[in-house]
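Architecture at a glance
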2 protein chains.
Amino acid sequence: MRITDIKDLTLSTGEKRSNAMMDFSDMTTGFVAVVTDVVRDGRPVIGYGFSGTGRYSQNAICRDRMIPRIMAADPDTLQNDAGDNLDPFRVWDCMMQKEKPGGHGDRAVAAATLDMAVWDAAAKIAGQPLYRYLADNYGKSPVPDRVPVYVGGGYYAPGRGLPELQDEIRGHLDDGFVVVKMKIGGAPLAEDLKRLDAVMAIVPSDNLAVDANGRFDHTAAMQYSDALAPLGLRWFEEPGFPLDFDLQADIARHYDGPLATGENLLSMWDAKNLLRYGGLRPEKDYLQFDCALSYGICEYIRTIDMVEEHGWSRQRLYPHGGHLLSLHITAGLGLGGTEAYPRTHQPVGGFTDGLTIADGYVGLPDIPGLGFEGKSNLYETLKRLGAEPD
Amino acid sequence: MRITDIKDLTLSTGEKRSNAMMDFSDMTTGFVAVVTDVVRDGRPVIGYGFSGTGRYSQNAICRDRMIPRIMAADPDTLQNDAGDNLDPFRVWDCMMQKEKPGGHGDRAVAAATLDMAVWDAAAKIAGQPLYRYLADNYGKSPVPDRVPVYVGGGYYAPGRGLPELQDEIRGHLDDGFVVVKMKIGGAPLAEDLKRLDAVMAIVPSDNLAVDANGRFDHTAAMQYSDALAPLGLRWFEEPGFPLDFDLQADIARHYDGPLATGENLLSMWDAKNLLRYGGLRPEKDYLQFDCALSYGICEYIRTIDMVEEHGWSRQRLYPHGGHLLSLHITAGLGLGGTEAYPRTHQPVGGFTDGLTIADGYVGLPDIPGLGFEGKSNLYETLKRLGAEPD
């Protein structure tokens, strides 16, 4: 079997929305299709991938460097020993040839985009949803019927006051979510506390998480820590600059409640340095490394191994992203739970259409691969890649 | 004054050559031209930039994200208070809008490419070589007549034996270099020691540095440390994975001679974590952060400040890269010395044509900006951007 073509497409996914650090209006998302010569139901198996949320399409890196390496490889070197499916790890090694160690970032997004499409194809060739394929081949626990999910929201936007914020939060509860995350740090502390009060009138504080998106310096982190501590929040996310591990450790000494971070550490090695130096506490803190932004599933499996070697349970992993990839790895690899972006970051955010979300859990799709074909706005986008046969 | 256009070009700069980790055959370099409406000698001032050596062109990131931000900005917001030149820091802030913190890598190369062209234009508008412009505006010491330089070489290549290695090294000494760096780690230890013996027959060991390009795990790093320690080498460079700060600290405890690292840490924050956790010794070790790969001069000035805040002298900085940018920042900002790539990484490697290299020092070009116009093979490339008026 072989990969016959890889196609790519970049689209604007901008939204008038911001958090404490970022304006999302110019955001783009990259999509790729890995076309194989394996036929299922009379059609070639096509794997799809997309770049994660909150950064930019890295398809130029895919196109300029990684796709040519894959297409130039002897197909035998990319398949499993049985010769009946892709070996995603062999494809990963192939596309990362001639890349220097260190200096991750956008390259990690590019690799993850392609990696996603390769795994989508591999699971489709195996005729399984990705979570099942992962659990069978790389998992350590049975696949649950449903996984814990929380919703990311509570953004700042022009003209958005407390009533609109409350309406949004009520909508999330109506949708079946129990744990809700809102943005902080994009307004002065006094105003953020009013926003928190408004939301806590609807959601109990132990089901409310807050996310500063790395905004705070040492002084602000301590001020917010002091102000948030009495509230008993679910977690306090990314208070400081993602690479400032000393600051993270100071906050962990100062703030007794659960902390969460990791979405902007784009490799196993950066994640390892967080665990080495960041002072996080395995019994209560959350690790949010984003598979779609950090070299993909191949690297995520290495990250999980690393996390366990450092004495953490993989249940402390709650991957960032709020999309199908995070759902599949959470279910298939036994992670603690996943984020959801049902309305933001479209067409990438959220899961397959009609998937049940209730009591803070989300069900699992029963479609081979990641199930892109069951999320209509995403699949409409993916069809624009032109990889589907007529 | 305003930027009227930004052009870009990517070229293959592949070479059949490798070190312990990397095959350079598919390498590309990106070039950009920042065209201004400022006229000098009857022609518009054009600033040029290139992506650094040993990674890949990031012009797609320049073109997709950073150039549009610069071109969309109100020109007044990009110039200095006097309105007579670009303010490179304001341009930098503009092009980095809407970029998430953390996750550096290729983005750092893209930003550095544009940053270089902006500084080239600013120094040309001021009518000064860049080192003079930096020293006048951001330096702390007088500009020297010449700066210490060492040559990077001693690569592995097919069919290259000890006689060819010795010939290369003799050529470097004939060129006026005194300190020479050679690659190790791409062959078994016993073979590397034979290569070292061959080179030490020509260069005294205290003028010979070795570079493992991040290849060694803990065991290999200790084996090489033990084998190299008696030789009294100038320095032992990048023994382990660039983000493995614990390994670096272990090596610093084990190996008494000077160590050097940093070329694959692509931001001030990664550099800071090296100083925090890497166990390096300010009295003898070398820091080799590469300005052209790590967000450019604006970030490098912040890195220098950070290095000094950590109790290091800026003289311990020996920027990687071996090109004109490293030369200018070394001279203009008072760093310890610079690498040179007179024959490799063309057309980017090396300095202006005919620049004197003698007794281990390199003179300084007397051309406004970085002096690209005085390096013929590089300037021929830059002219292909089509930014020069007819």
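Up top is the structure these notes are about.
Report on the accompanying structure. Predicted model, so just to flag it, every value in this text is computed and none were measured. Along each chain, residues carry numbers from 1 onward, in the same order as the chain's sequence is written. Following the order in which they are written, the chains are lettered starting with A and the ligands numbered starting with 1. Note on the predicted model: pLDDT of at least 70 is required for a residue's local features to be given, and 80 or more for side-chain atom pairs to be given and counted; whole-chain, interface and lining totals, by contrast, use all residues.

A count of helices and strands for chain A gives twelve helices and twelve strands. With C-alpha atoms as the basis for the radius of gyration, the globule rule is written as 2.2 Å multiplied by the number of residues raised to the power 0.38. Taken against the 2.2 N^0.38 rule, which gives 21 Å for 390 residues, the C-alpha radius of gyration of chain A at 20 Å falls within 12% of a compact globule. Reported as C-alpha extents along the three principal axes, the dimensions of chain A are approximately 60 × 40 × 40 Å. Neighbour counting defines burial: a residue surrounded by 20 or more other C-beta atoms within 10 Å of its own C-beta is buried, one with 12 or fewer is exposed, and intermediate counts give partly exposed, using backbone-placed C-beta atoms. Here chain A holds 390 residues, and 56% of them are scored as buried. Contact criterion: two residues are in contact if their C-beta atoms, reconstructed from the backbone, are within 7 Å. Counting only contacts in chain A whose residues sit at least 6 apart along the sequence, the fraction spanning at least 24 positions is 72%. To qualify as a helix, a DSSP run of H or I must reach at least 4 residues; to qualify as a strand, a run of E must reach at least 2; elements of each kind are numbered from the N terminus.

It is worth spelling out the interface of chain A and chain B at this point. Every contact between the two is made by 36 residues of chain A and, on the other side, 35 residues of chain B. For the side of chain A that touches chain B, the secondary-structure elements that each account for two or more residues are α1 (59–72), α3 (106–125), α8 (245–254) and α9 (268–277) of chain A. Among the elements that take part in the side of chain A that touches chain B, α9 of chain A stands out by supplying five residues, more than any other. Looking at the side of chain A that touches chain B residue by residue, the class counts come to 15 nonpolar, eight polar and 13 charged. Under the convention adopted here, Pro, Cys and the residues Ala, Val, Leu, Ile, Met, Phe, Trp and Tyr are nonpolar, Asp, Glu, Lys and Arg are charged, and Gly plus all remaining residues are polar.

Moving on: α9 of chain A. Residue and element names in this part refer to chain A. Here α9 lies mainly inside the structure; seven of its ten residues are buried. Where α9 is concerned, the buried positions are M268, W269, D270, A271, K272, N273 and L274. Backbone geometry just downstream of α9 places G279 in the positive-phi region, at approximately 70°.

Here we take up the pairing of strand β2 (residues 28–40) of chain A. All names here are of chain A. Between any two strands, pairing holds if DSSP finds at least two bridges. Sheet analysis places strand β1 (residues 3–12) next to β2, joined by nine bridges and oriented antiparallel. Within β2, the position partnered with L11 by the bridge is T29. Alignment of β2 against strand β3 (residues 43–50), held across seven bridges, turns out to be antiparallel. Residue pairing across strands places R40 opposite R43, the latter belonging to β3.

Between the two copies of the chain lies a rotation about an axis combined with a shift along it. Only residues with pLDDT of at least 70 in both copies count here: their C-alpha atoms drive the least-squares fit that superposes the copies. Placing chain A over chain B gives an RMSD of 0.0 Å and needs a rotation angle of 180°, together with 0.0 Å of translation along the axis. Each copy turns onto its partner about a two-fold axis. Considering only C-alpha atoms, the residue of chain A closest to the rotation axis is G105 of chain A, which sits at 2.2 Å. Here 97% of the interface residues in chain A have copies in chain B that are interface residues too; the copies meet face to matching face.

It is worth stressing that arrangement in space is one thing and function is another; only the former is reported here.
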